[in-house]
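# Tertiary structure, described
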Amino acid sequence: MTPDFDMLAIDEGLDEDFELDLEDAMLPRQIAAAYKEMHPNPLPRQVYYRELLKLQAELIKLQDWVSHSKEKVVVLFEGRDSAGKGGVIKRITQRLNPRVVRTVALPAPSDREKTQWYFQRYVPHLPAGGEIVLFDRSWYNRAGVERVMGFATEPQVEQFFQDVPEFERMLVRSGIRLVKYWFSITDVEQQMRFLMRIHDPLKQWKLSPMDLQSRVRWEAYTKAKEEMLERTSIPEAPWYIVPGNDKKRARLNCISHLLGLIPYTDVAHEPISLPDRVFNPDYERDTLPRELYVPEKY
């Protein structure tokens, strides 16, 4: 049965969602006020959660269809630092089975990986039948951060541009559904989000030296992005741009678009019934030592 999302007690019953969405709780008042001033038309909380839950219910149907049909789905999330990639990935995976849907966020390549074929470190993470893989950044690092920061030479970048269309066509020919999203935010919006991270002790870990350099090299990243989109958007795997200045709307728009790209259908399930508990009259539960228990501080 499809839940009636309009009747949900959104203000009282979705603690998990609120915990996930506490984005301004630790901010100084001045920064929180400035951010609200930059976004004068926020999506009402009840509307956002109602629509998010509807979309997440559809994501469960998608997951079931992928698992049942042995489909293979890869979704790439790219964009500037703090553009909202991680936020939408969290909302996609929040209610899904991690055995079916998994996120790949690779660290910087090791010395050994630097000597490999460039795409080699990504291939082991591609899905088997019945799996969805979400890449939080992907092989497009070469066209972005590696190029701008000087970690890749221009010949290496040019080789990437020549190789990546055929690499992605190979993935599609193998039966993988490949979707590519670029999250786009403005210069001013990124600056504000960085300031919010600097002043939020729960988010300071998100700021790396590379992130801070992205402010200095904003225009270089812009040029790199424009060439990347132009040279790597192919009919078999086009780029889709998600305007990301409004986080909540970006999440809803991206998830809705993703669902619209894949022709999933409802999968019939056997009715579930809870079996009766079997009682063994000869069994006696042992008393365990108190020191094995976690202290009940709350």
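Below or above, wherever it landed, is the structure these notes cover. Residue numbering note: each chain is counted from 1, following its sequence as written. Reporting in this predicted model follows two pLDDT cut-offs: at least 70 for local features of residues, and 80 or more for side-chain atom pairs to be given and counted; totals over whole chains, interfaces and linings ignore these cut-offs and use all residues. Computation of side-chain values covers all heavy atoms of the structure but excludes hydrogens and water.

### Quick notes on the packing of aromatic side chains
Aromatic pairs are defined between Phe, Tyr and Trp rings, using the six-membered ring for Trp, whenever the two ring centres lie within 6.5 Å; interplanar angles under 30 degrees are classed as stacked, those over 60 as edge-to-face, and all others as tilted. Counting across every chain of the model gives 18 aromatic pairs. Pairwise contacts between aromatic rings join W117, Y118, F119, Y122, F135, W139, Y140, F160, F161, F167 and W239 into one cluster. Throughout this description, the term charge over a ring refers to an Arg CZ or Lys NZ atom that lies within 6 Å of the ring centre and within 35 degrees of the ring normal. Note that K248 overlies the ring of Y48, its terminal NZ or CZ placed 5.3 Å from the centroid. Above the face of the Y293 ring, R290 is positioned so that its terminal group lies 5.1 Å from the ring centre.

### Here we look at the nonpolar core
We define the nonpolar core as a collection of buried residues of types Ala, Val, Leu, Ile, Met, Phe, Trp, Tyr and Cys that are connected through side-chain atoms lying within 4.5 Å of one another. The buried label goes to any residue with under 20% of its type's maximum accessible area, the exposed label to any with over 50%, and the partly exposed label to all in between, with areas taken from a 1.4 Å probe on protein chains only. Within the largest apolar cluster, 35 residues are counted, with the highest numbers of intra-cluster contacts made by L62, F77, I92, Y181 and F183. Among the elements that line this core, the one with the most residues is helix α4 (residues 45–69), at eight residues. Any pair of residues with heavy atoms lying within 4.5 Å of one another is described as a contacting pair. Setting aside its immediate chain neighbours within four residues, L62 contacts I132, L259, I262 and Y264. Core analysis: the second largest hydrophobic core is formed by 27 residues, F119, W139, W182 and W239 among them. Each helix is a run of H or I in the DSSP string that is no shorter than four residues. Each strand is a run of E no shorter than two, and both are numbered from the N terminus.

### Observations concerning the side chain of E71
The topology assignment puts E71 in the loop between α4 and β1 (72–79). When neighbours within four sequence positions are excluded, E71 is seen to be in contact with W65, V66, A128, G129, G130, E131 and R177.

### Considering the pairing of strand β4 (residues 176–184)
In terms of residue burial, β4 counts as a mostly covered element, since seven of its nine residues are buried. Sheet analysis places β1 next to β4, joined by eight bridges and oriented parallel. Paired with L76 across the strands is K180, a residue of β4. Where β4 meets strand β5 (residues 239–243), five bridges bridge the pair, whose relative direction is parallel. Residue pairing in the sheet places K180 in a bridge with W239 of β5. Paired strands are those between which DSSP finds at least two bridges.

### A look at the sheet that holds β4
The five strands lie next to each other as β2-β3-β1-β4-β5, forming an open sheet whose pairing is parallel. With partners counted over all chains shown, the strands left at the sheet margins are β2 (101–104) and β5, one partner each. Strand-to-strand twist across the sheet, computed as the mean angle between neighbouring axes with direction ignored, equals 20°. Pairing of β1 with strand β3 (residues 131–136) involves six bridges; the strand directions are parallel. If you follow K72 over to β3, its bridge partner there is E131. A fitted line through C-alpha atoms represents every axis, and for helices the fit uses only the stretch in contact; the resulting angles, taken between N-to-C directions, go from 0 to 180 degrees.

In short, geometric facts, not functional conclusions.
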